Amino acid sequence: MRRQVSLEEISDGKLYTAQDLVKADCRGCEGCSACCRGMGQSVLLDPLDVRMLERGTGKDFAGLLAAHIELCVADGIVLPCLKMAGDEEACTFLDGEGRCSVHAFRPGICRLFPLGRYYEESGFRYFLQTRECPKKDRSKIRVRKWLDIPDLEIYEEYILTWHRFLQVCERESKDLDGDSLRILQTYLLRTFYETPWLGEDFYSEFYARLAQVKERLGL
Ligand code: SF4
Ligand code: SF4
């Protein structure tokens, strides 16, 4: 979901690559779960996020929808996001101690926090959100280490591809009437989320599905 704010308003004004050091290390987030509460529908899930949650929890997409995630409209496209529940609007994956019960397979946006992605013409870089995380004594850590994602270059390429694809879908969907838009939204949801990812090589399967969708939609 795009945010209509300037980088200077929400960050230290710098952009980081995966190799850079950044003051993001909350050292275990001891006693804090602020970024797991009150996030509204902002923790959007990409297809890999959902696949990892499915594998980690043993639930299929319908099972996740029943308890932990919900559907929202982001820039015209229906996407799943983490559900914030109860009076405290807490992520349903928070355990009784205020810790993430799916830490090993948490979504990409959770891995980033307090970093964010800043998309540019040629790719994206990372920025440090300065208003969101209350821990002030954060240490410096390499972005790559903070994210802790295997095959980071391949992952980054996938994130960029998915982002650009959603942008194209958003642009193309603007002129659609209500029924056509619903058909498109349902098709995307079914293709990238509801249909299980069965193979071990997620990225190959993702790019195959993407090519199929692009061909079918004439994108
Ligand atoms: S707000 Fe900062 S310290 Fe608190 S849980 Fe999130 S990343 Fe950790
Ligand atoms: S999945 Fe984990 S890290 Fe992400 S918001 Fe929920 S409890 Fe927090």
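Residues numbered from 1 in each chain as written. Chains lettered and ligands numbered in written order. Predicted model: local features only at pLDDT ≥ 70, side-chain atom pairs only at ≥ 80, totals over all residues. Heavy atoms only, no water.

Going by what an unreviewed UniProt entry lists, the protein is known as YkgJ family cysteine cluster protein and is assigned to Mordavella massiliensis.

Draft legend 1. Highlighting the site of ligand 1. Around ligand 1, the neighbouring residues are Cys26, Cys29, Cys32, Ser33, Ala34, Cys35, Phe113, Cys133, Pro134 and Lys135. For the shell around ligand 1, the per-class residue count stands at eight nonpolar, one polar and one charged. (Near = heavy atom within 4 Å. Nonpolar A, V, L, I, M, F, W, Y, C, P; charged D, E, K, R; others polar.)

Draft legend 2. Up close: the packing of aromatic side chains. Under the definition given, this model contains 17 aromatic pairs. Geometrically, the ring pair formed by Phe192 and Phe206 is tilted, given 5.9 Å between the ring centres and 50 degrees between the ring planes. Here Phe192, found in helix α7 (residues 178-194), pairs with Phe206, found in helix α8 (residues 202-217); they are 14 residues apart in sequence, far enough to count as distant. Under the relative-accessibility criterion, Phe192 is labelled buried at 0%. We classify Phe206 as buried; its relative accessible area is 0%. A connected cluster of aromatic rings, assembled from ring pairs, spans Phe61, Tyr155, Tyr158, Trp162, Phe165, Phe192, Tyr193, Trp197, Phe202, Tyr203, Phe206 and Tyr207. (Phe/Tyr/Trp six-rings, centres within 6.5 Å; stacked < 30°, edge-to-face > 60°. Helix = DSSP H or I, 4+ residues; strand = E, 2+ residues; numbered from the N terminus. Buried < 20%, exposed > 50% of the residue type's maximum accessible area, 1.4 Å probe, protein only.)

Draft legend 3. Structural context of the site of ligand 2. Neighbouring residues of ligand 2: Cys36, Leu82, Cys91, Leu94, Cys100, Val102, Pro107 and Cys110. Class assignment of the residues belonging to the shell around ligand 2 gives a composition of eight nonpolar, no polar and no charged.

Draft legend 4. Representation of the packing of α7 against α8 in the model. Where α7 meets α8, the axes come as close as 11 Å, and the angle between the chain directions of the two elements is 160 degrees. The angle between the axes of α7 and α8 places the two elements in the roughly antiparallel class. α7 and α8 meet at a crossing whose hand is right-handed. Between α7 and α8, the contacting residues are Leu184, Tyr187, Leu188, Thr191 and Phe192 on the first element and Phe206, Arg209, Leu210, Gln212, Val213, Arg216 and Leu217 on the second. Its residues assigned to classes, the contact of α7 with α8 shows eight nonpolar, two polar and two charged. (Axes fitted to C-alpha atoms, helices over the stretch in contact; angles between N-to-C directions. Parallel < 35°, antiparallel > 145°, perpendicular 65-115°, else oblique. Left-handed = near helix turned anticlockwise from the far one by under 90°. Contact = heavy atoms within 4.5 Å.)

Draft legend 5. Looking closely at the pattern of salt bridges. All chains considered together, the criterion is met by eight salt bridges. With a closest N to O distance of 3.2 Å, Glu200 and Arg55 form a salt bridge. Residue Glu200 is found in the loop between α7 and α8, and its partner Arg55 is found in helix α2 (residues 47-57); the two are separated by 145 residues along the sequence. Given the relative accessible area of 66%, Glu200 is considered exposed. One salt bridge connects Glu170 with Lys174, and the closest N-O pair in it is separated by 3.7 Å. By relative accessible area, Glu170 is classed as buried at 10%. (Salt bridge = Lys/Arg side-chain N within 4 Å of Asp/Glu carboxyl O.)

Draft legend 6. Spatial organisation of the environment of Leu21. Within the element layout of this structure, Leu21 appears in strand β1 (residues 21-25). Residue classification places Leu21 among the partly exposed residues on the basis of a relative accessible area of 43%. Apart from residues lying up to four places away in sequence, Leu21 is in contact with Tyr16, Lys140, Ile141 and Arg142.

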